[in-house]
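What follows is the residue order along each chain.
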Amino acid sequence: MEGQNLAQAYRLFECIQCGRCTGGCPMSLKTRFNIRRLIYEALVDEDMDLQSKEVLWDCSTCATCTLRCPKGLDPTDMVIGMRSILVDGGRIPPTIRDALKSLAIRGNPLTMAREERADWAEGLGVKEISEGAEVLYFVGCSPSYDPRVQKVAKAMVQAFKKAEVEFGILGNEEVCCGSEARRMGETGLFEMLREMNLETLERYPVELVVTTSPHCYNAFQNEYQGLNLKVQHYTQFVAGLINEGRLPLSKEVRRIVTYQDPCFLGKQNKIFEEPRKILRSIPGLELRELDRSRERSLCCEGGGGRMWAEGTNPEERLAHTRVQEAMDLGAEVLATACPFCLLTLEDAAKTVAGEGGIQVMDIMELVVEAL
Amino acid sequence: MQASLDIADAGFLVYLVEREPSIGGHMAQLDKTFPTLDCSSCILTPKMVDVARHPNIQLISYAEVVGADGGIGHFKVGVKQKPRYVDVDRCTGCGLCVEACRLKGRISSEFDVGVSKRGAVYIPFPQAVPLKATIDPERCVFITRGVCGKVPACEEACSAEAIDFQQKEEMIGLEVGAIIVATGFDLFDARLKPEFGYGLYPNVITGLQFERLSSASGPTRGKITLNGQEPKKVVFIQCVGSRDKSVGVEYCSRVCCMFTAKQAHLVKEKIPDAEVTVLYIDVRAFGKGFEEFYDRVRGEGVMYRRGNASEICKRGERLIVMAEDTLLGESVQLEADLVVLATGITPRGDAQDLATLLRLSTSPDGFFQEAHPKLRPVETEREGVYLAGCCQGPKDIPDGVAQAKAAASSVIIALRNGMEVS
Amino acid sequence: MGLRIGVYVCHCGVNIAATVDVEAVTRFALGLPSVAIARDYTYMCSDPGQALIKEDIKKFGLTKVVVASCSPMMHEPTFRGTIQEAGLNPYCLEMANIREQCSWVHEEEEEATRKAIQLVAAAVDKAFLLEPLEERRVAVTSAALVIGGGIAGMQAALDIANAGFQVYLVEKEPRLGGHLAQLDKTFPTLEPVAPLLAEEIREVEGHPNIDLLTSAEVIGLEGYIGNFKVNVTDQATIRELKVGTILVATGYDLFDARLKPEYGYGIYEKVITGLEFERLVSLSGSRKFWVNGKEPQDVLFIQCVGSRDKSVGQEYCSRICCMYTAKQALLVKEMLPQARVTVLYMDVRAYGKGFEEFYDQVRGEGVLYRRGNPSEIYKNGKRLIVRVEDTLLGEPVQLEADLVVLATGITPRRDSPKIANLLKLPRSPDGFFMEAHPKLRPVDTVTEGIYLAGCCQGPKDIPDTVTQAKAAAASAMIPLCQGQVKVEAVTSIIDEELCSGCGICAEMCVYDALSLHERKGVMTINEVLCKGCGACAAACPSKAIKLSHFTPAQILAQVDALV
Ligand SMILES: Cc1cc2nc3c(=O)[nH]c(=O)nc-3n(C[C@H](O)[C@H](O)[C@H](O)COP(=O)(O)OP(=O)(O)OC[C@H]3O[C@@H](n4cnc5c(N)ncnc54)[C@H](O)[C@@H]3O)c2cc1C
Ligand SMILES: Cc1cc2nc3c(=O)[nH]c(=O)nc-3n(C[C@H](O)[C@H](O)[C@H](O)COP(=O)(O)OP(=O)(O)OC[C@H]3O[C@@H](n4cnc5c(N)ncnc54)[C@H](O)[C@@H]3O)c2cc1C
Ligand code: SF4
Ligand code: SF4
Ligand code: SF4
Ligand code: SF4
Ligand code: SF4
Ligand code: SF4
Ligand code: SF4
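The residue count restarts for each chain, going from 1 along the sequence in the order it is written. Each chain gets a letter, beginning with A, and each ligand a number, beginning with 1, in the order they are written. Totals for whole chains, interfaces and linings use every residue, but because this is a predicted model, local features are given only for residues with pLDDT of at least 70 and side-chain atom pairs only at 80 or more, for both listing and counting. Calculated side-chain values reflect all of the structure's heavy atoms, with hydrogen atoms and water omitted.

Concerning the overall build of chain B
Stated precisely, the cut-off is as follows: Here a strand is any run of E in DSSP of at least two residues, a helix any run of H or I of at least four, and the numbering for each starts at the N terminus. Atoms considered for the radius of gyration are the C-alpha atoms alone. The globule rule reads 2.2 Å times the number of residues to the power 0.38. When a residue's accessible area, from a 1.4 Å probe over protein chains only, is under 20% of the maximum for its type it is buried; when over 50% it is exposed; and in between it is partly exposed. We treat Lys and Arg as the positive residues and Asp and Glu as the negative residues; His and chain ends play no part in the count. For charged residues, the charge sits on one atom: NZ in Lys, CZ in Arg, CG in Asp, CD in Glu.
Along chain B, the regular secondary structure elements total 10 helices and 23 strands. Here the C-alpha radius of gyration of chain B, 23 Å, is about what a compact globule of 422 residues would show, namely 22 Å. When its C-alpha atoms are laid out on the principal axes, chain B stretches across 70 × 60 × 35 Å. Residue burial in chain B is summarised as follows: out of 422 residues, 62% are buried. Here chain B contributes 49 positively and 55 negatively charged side chains, and the mean placements of these two sets differ by 3 Å.

This is the structure:
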């Protein structure tokens, strides 16, 4: 019966089994996860057993399948729906359970304390938004807590100050945008987090919200019904600052850089130009394009809860492939604009290239080098 | 009909020779038409009436062409008018005789493809043109045995005194400048694929029979029922007797993918809780609005499974369709209480005879051969003889109409040039 | 003779009779004033149904007829014809639509019957006031205009010219042939295109009845069936052509493969389109061909690029690319027998005469068909990698290739909105020009005197294009043969007393039928151009315009009966 309900909910009958979803799915490069076949089984297999489908946790919700589908289906959403069924049935990997629990209790998936959310900003002179500001910088979970990604948040602050942006943060009032909760199948939790954020945002008369993470950006832009604020990913905002001449990049950064399009920024939201614009504005920097870029970019496997679940083939990592491709290009830096990409790619760089090999950086870190 | 209308509109006299008692052909038998779901008879009836009323068209129904001598501009055509045993000038089409016939309800109706029964005297369908009764000489007891009660029941019933058992075959000679052949198609005989049990299981039917079942003016008044019951699991099988060298039919029949999609839609519309599955090899939704229609039908919940059925057998009351689902790579057994075979389009059984008669050639698939497959699709090797519709190859209605008009264009050219000479 | 109305209620098989109590409606009608006779019948539109009306007209001396059946769109012409044959003016007919507006939309019998009765009452009330109108005929200019000199336009021009009429053939480009000129061989016969086309072009160019205008474009149109005036740019001058009918054969454009960036078209030079492939083999003399100076070893064809794909807004199937791909795959096999040739498909649409046989032959020659639509192309070293799921294996695969051919689909001409505006042609949801009826009038348009041929109406291969071109030629010739055409009798009428000459009505009229009379200072109507749409009547602030057959009195009578 489950299959039939899914078929109704996700219009699976309209699928023509062309295979374009599976052909583009990054996971199909390394695991047995076959999204096209999953759809078909939901349609024809009366006693499909979802509970045993561990492969469901492989999906990184990169949405390539949805973008490629010629019949307007949304297989990504179906995976999320299937995961909800697993979550309801309690069949979830323990690491995912922990992340979800932490989200519910602490407002972040990293089992960190709510009160420590703004600790990274101590001593930087960052305003709380309650003190009034035009721009709200929505930091996000990893940039708030993860020591590696905190550097990105700090870089952001440095640049904003340089450009004299009047901005503030939510501080400890900020909670996770919920994007990952939704993609791990916890729709209820996502809605709760959304309500909390919406309520907080309503209280402050800001003009613009800028996010570090494309995941937060995507959630606000596409999944926060009722949010009447302008939202930008930082690459859009910073590219604007550079354009207006507010952020002069004067120092040379003599490095060969290539850029990884994060799925949630590029494929899903068609933001391809701004990150490149920023990189090209940095004097001395040479930008080399990866063959698989823009619409054809290769997923780093960081989305859809994959930061907390290894998937069925942890040995092989697409991030390794990606780092290798960057090295083949002769790049010294693999730049990106997403906390998850940063973490997965840096991890891979350590394995593939070792210390001192190719460096993985956020665009923002390169920007402050040029200040 | 379309070809006749165009030529007649251009001011030339047209003789339309139809073998059956009424014009209309297969389209008259259809329920709705893909992809717009227009009611077939609603759009066809006006055309039929136009043909009947056109001052430049002389309709010769229940007749056959038996010879054509001469050439472009001066054909001499022999037409055999079969006896209807009904005086068409008197007959009003009231149908009293039909009701009265002793054999009423005993003979399977050609028009309804056996889904209903008629008598020995019959009017094929209510909108028939001309609306005249015809007596089937092979079945009528009076004709075959010489007696039918004291007085034939039909004769007694007819207040117009139209029944005339004295009628004889007549030969009509026509002189024409050009000829269009538009004799259409036959359907593949599903019995030639015994593995599907057609003819054995009453709930295995053909697509054309389905049309009659689902037609509002058909014998069930549009209710899809078998022995009074609505089927809950319906399986459609495509390419029956097409794309199948095992029965000597290599070509694709071009219309069955779409009429299957249409019929699957009709089942879903009339029996919303029915499970409808279509078994296919490729879905050939190539025409204007076709892919959109195919999308719509799937959206309504029709399940398309790739794999051609191999066999049908029975388990209890239910049919079991055995097939490989090639997308699963597994063989499956589907339960069904109605199986509809999308039987293909074949050349008319007598196409060869007609070809000989008119000195036309046929292509390897058995349909009439056009002069050039790319640039001269309606001309034949014989100057002055043109092709229209499914007799040249399978076609849907719009393509058939276009070809008919194209043939008409060639004829108009021929006739106008003849005019100028004279 | 007094007013005598006949009312005819149709069952339409069970279409009406199943929900409407037709006998009750008939009984009701019989009771109405001036109704001399009312009958119901299974199919009013059938021969005997019409005979019934004709007999009654004679027997009862009917002066007006009301038919309660389907939409007037369907059968108004039919019944107008019927009563005309019985000697009545065709405009003495009124129809009550008790099918589309009643039986098809209601389920409840009582309610449906009540509504049917009201509709019939309204129609009868209007019939009281109907006035006979005169059908007018105008002479036809004995020439036709063909727009577009592809195979469709040429064939149509030849047919019309061969029938003895003058044809103006207007082609935008400097030479004839359209897309056909770019093709190498044709499926399924593998006949070279060039000689076929050359023959056709020679015939067109040499035809005494064809006036060929190349590098020319239509820029203005006025008039109506039988009497169009067309402005055409011819080199630097503008020519005015007078024609009776117009045939549109402007063909198609190809889908721009850059809109599917995942295939890397425009980035990788070894990813080409089907049309580019035609040029490649054609230029190489069809014996051998090279990519970057090398014979490709692995050639991969991808079907349905930019067709059947909602993600780029092209829902329809392009109809020809399956077959041209099969043809091209075979050509590769013939020229480079050792090459591995793979076709990636969703469905193989080999529907036409000889197509399936051809598809069989192509597979037989060793072309591998794999079911699966590729998702993306990238590069590994010098070679292209195509990522696709083989849906029959149920496994994603990465195929290497050194030439990828994209079967890009057919799209409407990018400038088709311009032509559509000029000729007032509606377009169907897919963007191609719309035919008058998808089943029975595939080459006519809603504008009388304008017809469609070839790919401008929808994708088509050559035989279907030629067929349609000849069909359109037949339609376009009929009025020329007849020498005169009927024009709409329902037109607007201007009350010169009331008209203030404000000109508001003229702005409303899309048919340019209204103009200011220079001396009188009031509007005048060109009855030939007026289609009787009524837009002007509704707009006129002085209520100076009424529509014959839909006069305010007539409409009010109808409304009164309804409420
Ligand atoms: C089940 C089914 C469903 C279909 N549904 C659709 C649909 O939804 N939409 C669509 O577009 N198409 C549909 N089609 C296709 C459609 O029926 C054909 O396109 C159309 O009927 C072809 O018309 P035709 O005039 O060529 O042939 P026919 O309809 O076969 O007409 C040929 C006529 O010629 C007469 N004749 C034959 N031999 C002779 C002779 N020797 N002398 C004199 N007369 C002769 C026949 O009696 C007949 O009246 C369907 C077909 C089938 C089988
Ligand atoms: C790669 C490829 C391979 C193909 N191979 C085959 C094959 O093997 N066999 C086959 O049967 N079919 C094949 N086709 C299909 C074939 O090309 C078409 O069926 C045919 O060309 C359609 O002709 P047309 O006249 O309708 O359109 P077109 O060829 O597009 O001609 C239209 C003409 O109108 C002109 N025009 C446009 N707008 C205006 C205007 N506003 N004013 C004046 N003139 C105008 C254009 O310049 C052009 O000359 C192939 C198509 C492609 C893309
Ligand atoms: S969202 Fe990405 S990973 Fe998930 S199924 Fe789709 S393509 Fe595969
Ligand atoms: S891409 Fe879309 S239509 Fe194709 S198999 Fe996947 S879900 Fe189905
Ligand atoms: S033969 Fe006589 S009884 Fe039969 S339909 Fe004709 S008129 Fe009626
Ligand atoms: S004679 Fe008898 S069997 Fe023959 S048609 Fe008349 S009633 Fe029927
Ligand atoms: S039209 Fe479809 S069902 Fe008919 S023969 Fe062709 S592929 Fe088979
Ligand atoms: S003809 Fe074939 S390749 Fe072209 S769109 Fe249709 S299915 Fe696709
Ligand atoms: S009725 Fe319509 S067409 Fe006639 S003049 Fe008025 S607006 Fe123009």
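Thoughts on the pattern of salt bridges
We apply this condition: By definition here, a salt bridge exists when the distance from a side-chain nitrogen of Lys or Arg to a carboxyl oxygen of Asp or Glu is within 4 Å.
What the rule picks out here adds up to 98 salt bridges over all chains. Here E369 of chain A and R255 of chain A are joined by a salt bridge, their closest N and O atoms 2.7 Å apart. A residue pair is termed long-range when its members are at least 10 positions apart, and E369 of chain A in helix α16 (residues 363-369) and R255 of chain A in the loop between α12 (234-243) and β5 (256-259) qualify at 114 residues. For E369 of chain A, a relative accessible area of 31% corresponds to the partly exposed category. In this structure, the salt-bridge partner of R80 of chain C is E76 of chain C, at a minimum N-O distance of 3.4 Å. Highlighted residues: R80 of chain C and E76 of chain C, both in helix α3 (residues 72-85), separated by four residues, approximately one helical turn. Through salt bridges with shared partners, a single ionic network connects K71 of chain A, E291, D295 and R298 of chain B together with R308, K310, D347 and R349 of chain C.

Points about the nonpolar core
Applied cut-off: Among buried residues, those of type Ala, Val, Leu, Ile, Met, Phe, Trp, Tyr and Cys that are joined through side-chain atoms within 4.5 Å constitute a nonpolar core. Contacts between residues were defined by any pair of non-hydrogen atoms, one from each residue, lying within 4.5 Å.
With 244 residues, the main nonpolar core has F33, L247 and L366 of chain A together with I237, V321 and V339 of chain B as its most contacted residues. Counting residues per element, this core draws most heavily on helix α9 (residues 321-335) of chain C, which supplies nine residues. With sequence-adjacent residues up to four places away left out, L366 of chain A is seen in contact with V253, V257, L279, I282, L285, V333, A335 and M361 of chain A. Judged by nonpolar contacts, the second largest core, of 119 residues, contains V98 of chain B together with L180, A476 and C505 of chain C.

Overview of the site of ligand 4
All names here are of chain A. Heads up, the rule is: Throughout this document, a residue counts as near a molecule or strand when at least one of its heavy atoms sits within 4 Å of that molecule or strand. Polarity classes work like this: nonpolar for Ala, Val, Leu, Ile, Met, Phe, Trp, Tyr, Cys and Pro, charged for Asp, Glu, Lys and Arg, and polar for all others, with Gly in that last group.
In the vicinity of ligand 4, the contacting residues are C15, I16, Q17, C18, G19, R20, C21, R36, I39, C69, P70 and P75. Among the secondary structure elements, those contributing two or more residues to the shell around ligand 4 are α2 (20-24) and α3 (35-44). Classifying every residue of the shell around ligand 4 by side-chain character gives eight nonpolar, two polar and two charged.

Description of the interface of chain C and chain A
Put simply, the rule is: Buried area, as used here, totals the accessible surface that two parts lose on assembly, with accessibility defined by a 1.4 Å probe and the loss added over both. Each polar contact in these results corresponds to two N or O atoms within 3.5 Å; when the atoms are within protein, one needs to be able to donate a hydrogen and the other to accept it, and residues that are neighboring in sequence are counted only if both atoms are side-chain atoms.
Of the residues lining the interface, 31 residues belong to chain C; the matching set on chain A comes to 27 residues. Note on chain C versus chain A: buried area summed over both sides is about 2300 Å², and carbon and sulfur give 42% of it. Across the chain C-chain A interface, the total number found is four salt bridges. The salt bridge involving R68 of chain A is made with E262 of chain C; its shortest N-O contact spans 3.8 Å. Across the contact surface, chain C and chain A share 22 residue pairs in polar contact (both at pLDDT 80 or more). Broken down by secondary-structure element, the contributors of at least two residues to the side of chain C that touches chain A are β20 (376-380), β21 (383-390) and β22 (395-401) of chain C. For the side of chain C that touches chain A, the leading source of residues is β20 of chain C, giving four residues. Class assignment of the residues belonging to the side of chain C that touches chain A gives a composition of 11 nonpolar, eight polar and 12 charged.

Some details on the side chain of R243 of chain B
Along the chain, R243 of chain B falls in the loop between β15 (233-240) and α7 (256-270). With a relative accessible area of 16%, R243 of chain B lands in the buried category. Of the polar contacts made by the side chain of R243 of chain B, one reaches the side chain of E356 of chain C; its length is 2.8 Å. Sequence-distant contacts of R243 of chain B, defined by excluding residues within four places in its chain, comprise V249, E250, Y251, C252, I281, D282 and R284 of chain B together with E356 and Y359 of chain C.

Let's talk about the domain arrangement of chain A
Residue and element names in this part refer to chain A. What counts here: Note: domain ranges come from an automatic or database domain assignment.
Considered domain by domain, chain A is made up of domain 1 (2-88), domain 2 (94-241) and domain 3 (249-369). If you average the C-alpha positions of domain 1 and of domain 3, the two centres end up 28 Å apart. Each partner contributes residues to the interface: domain 1 has 18 residues there, and domain 3 has 20 residues. Here domain 1 packs against domain 3, burying approximately 1400 Å² in sum over the two surfaces, 55% of which is carbon and sulfur. The tally of links from domain 1 across to domain 3 stands at one salt bridge. Its salt-bridge partner being E301, residue K30 comes within 2.8 Å of it at the nearest N-O pair. Our enumeration of links across domain 1 and domain 3 arrives at 12 residue pairs in polar contact (both at pLDDT 80 or more). If one sorts the elements of the side of domain 1 that touches domain 3 by residue count, helix α4 (residues 64-68) sits on top with three residues. Taken together, the residues that form the side of domain 1 that touches domain 3 break down as nine nonpolar, four polar and five charged.

A look at the interface of chain B and chain C
The partner chain C presents 80 residues to the 76 residues of chain B that form the contact. With both sides pooled, the region where chain B packs onto chain C buries about 6400 Å², and carbon together with sulfur makes up 57% of that total. When the buried area of chain B at its contact with chain C is split by residue, K288, K374 and L375 of chain B rank highest and sum to 13% of it. Put simply, chain B and chain C have 12 salt bridges between them. The closest approach of N and O atoms between R243 of chain B and E356 of chain C, which form a salt bridge, is 2.8 Å. Between chain B and chain C we count 36 residue pairs in polar contact (both at pLDDT 80 or more) in total. Secondary structure elements with two or more residues in the side of chain B that touches chain C: α1 (2-9), α2 (40-53), α8 (290-299) and α10 (397-421) of chain B.

So, the sheet that holds strand β21 (residues 338-343) of chain B
Residue and element names in this part refer to chain B. To be explicit about the condition: A strand pair is defined by DSSP finding two or more bridges across the two strands. Here an axis means a line fitted to C-alpha atoms, over the contact stretch when the element is a helix, while the angle between two N-to-C directions is reported on a 0 to 180 degree scale.
Reading across from one edge, β14-β21-β15-β16-β17 is the order of the five strands in this open sheet, with parallel pairing throughout. Edge strands, defined here as strands with exactly one partner in the open sheet, are β14 (204-206) and β17 (303-306). Adjacent strand axes in the sheet meet at a mean angle of 25° when their direction is disregarded. As paired strands, strand β16 (residues 275-280) and β17 are joined by four bridges and run parallel to one another. Bridging from a neighbouring strand, L279 pairs with R305 of β17. With respect to the sheet, helix α6 (residues 207-214) is in contact with β14, β15 and β21, its orientation differing from that of β14 by roughly 90°.

Points about the site of ligand 7
Residues and elements named next belong to chain B. All residues in the neighbourhood of ligand 7 are listed as Q238, C239, S242, R243, C252, S253, R254, V255, C256, C257, D282 and R284. Elements with a minimum of two residues in the shell around ligand 7: β15 and α7. Looking at the shell around ligand 7 residue by residue, the class counts come to five nonpolar, three polar and four charged.

A look at the pairing of strand β12 (residues 227-234) of chain C
All names here are of chain C. Only one face of β12 is covered, namely the one carrying F228, V230, V232 and D234; the face carrying N227, K229, N231 and T233 has none of its residues buried. Relative to β12, strand β11 (residues 216-224) runs antiparallel, the two sharing eight bridges. The residue of β12 that forms the bridge with E222 is K229. Linking β11 back to β12 in an antiparallel pair, the connection comprises two residues, with G226 at a positive phi of about 95°.

Considerations on the packing of α12 of chain A against helix α13 (residues 273-281) of chain A
Residue and element names in this part refer to chain A. For the record, the criterion: Comment on the angle field: the value is read as roughly parallel under 35 degrees, roughly antiparallel over 145, roughly perpendicular from 65 to 115, and oblique elsewhere. Here is the rule for handedness: rotate from the far helix to the near one, and if that takes an anticlockwise turn smaller than a right angle the crossing is left-handed, while a clockwise turn gives right-handed.
As a packed pair, α12 and α13 sit with axes 8 Å apart at the nearest point and diverge in direction by 45°. Of the possible angle classes, the one that applies to α12 and α13 is oblique. Two packed elements cross with a definite hand, and for α12 against α13 that hand is left-handed. Packed against α12, whose contacting residues are T235, Q236, V238, A239, I242 and N243, the element α13 presents E274, P275, K277, I278 and S281 at the interface. In the contact of α12 with α13, the residues fall into five nonpolar, four polar and two charged.

A closer look at a nonpolar patch on the surface
What counts is decided by this rule: What makes a patch is a set of residues exposed beyond 30% relative accessible area and free of salt bridges, joined within 9 Å when like-charged and within 5 Å when nonpolar (Val, Leu, Ile, Met, Phe, Trp, Tyr). A 1.4 Å probe and the Shrake-Rupley method give the accessible areas. Residues count as covered only by the protein chains that appear here.
A surface patch of nonpolar side chains, amounting to about 220 Å² of accessible area, comprises F550, I555 and V559 of chain C. Structurally, I555 of chain C is set in helix α15 (residues 552-562).

Some remarks on the sheet that holds strand β18 (residues 309-315) of chain B
All names here are of chain B. A sheet is described by the order of its strands in space; here three strands give the open sequence β18-β19-β20, paired in antiparallel fashion. Edge strands, defined here as strands with exactly one partner in the open sheet, are β18 and β20 (330-336). Strand-to-strand, the axes of this sheet are offset by a mean angle of 25°, without reference to chain direction. When β18 meets strand β19 (residues 318-325), the two strands line up antiparallel, connected through six bridges.

Quick word on α3 of chain A
Buried residues dominate α3 of chain A, accounting for nine of its 10 residues. Among all positions in α3 of chain A, only I35, R36, L38, I39, Y40, E41, A42, L43 and V44 of chain A are buried. In the core, the buried residues of α3 of chain A are packed alongside α1 (2-9), α2 and α5 (75-88) of chain A, β17 and β19 of chain B together with β21 of chain C. Measuring from the backbone nitrogen of R36 of chain A back to the side-chain oxygen at the start of α3 of chain A gives 3.1 Å, which picks out N34 of chain A as the cap.

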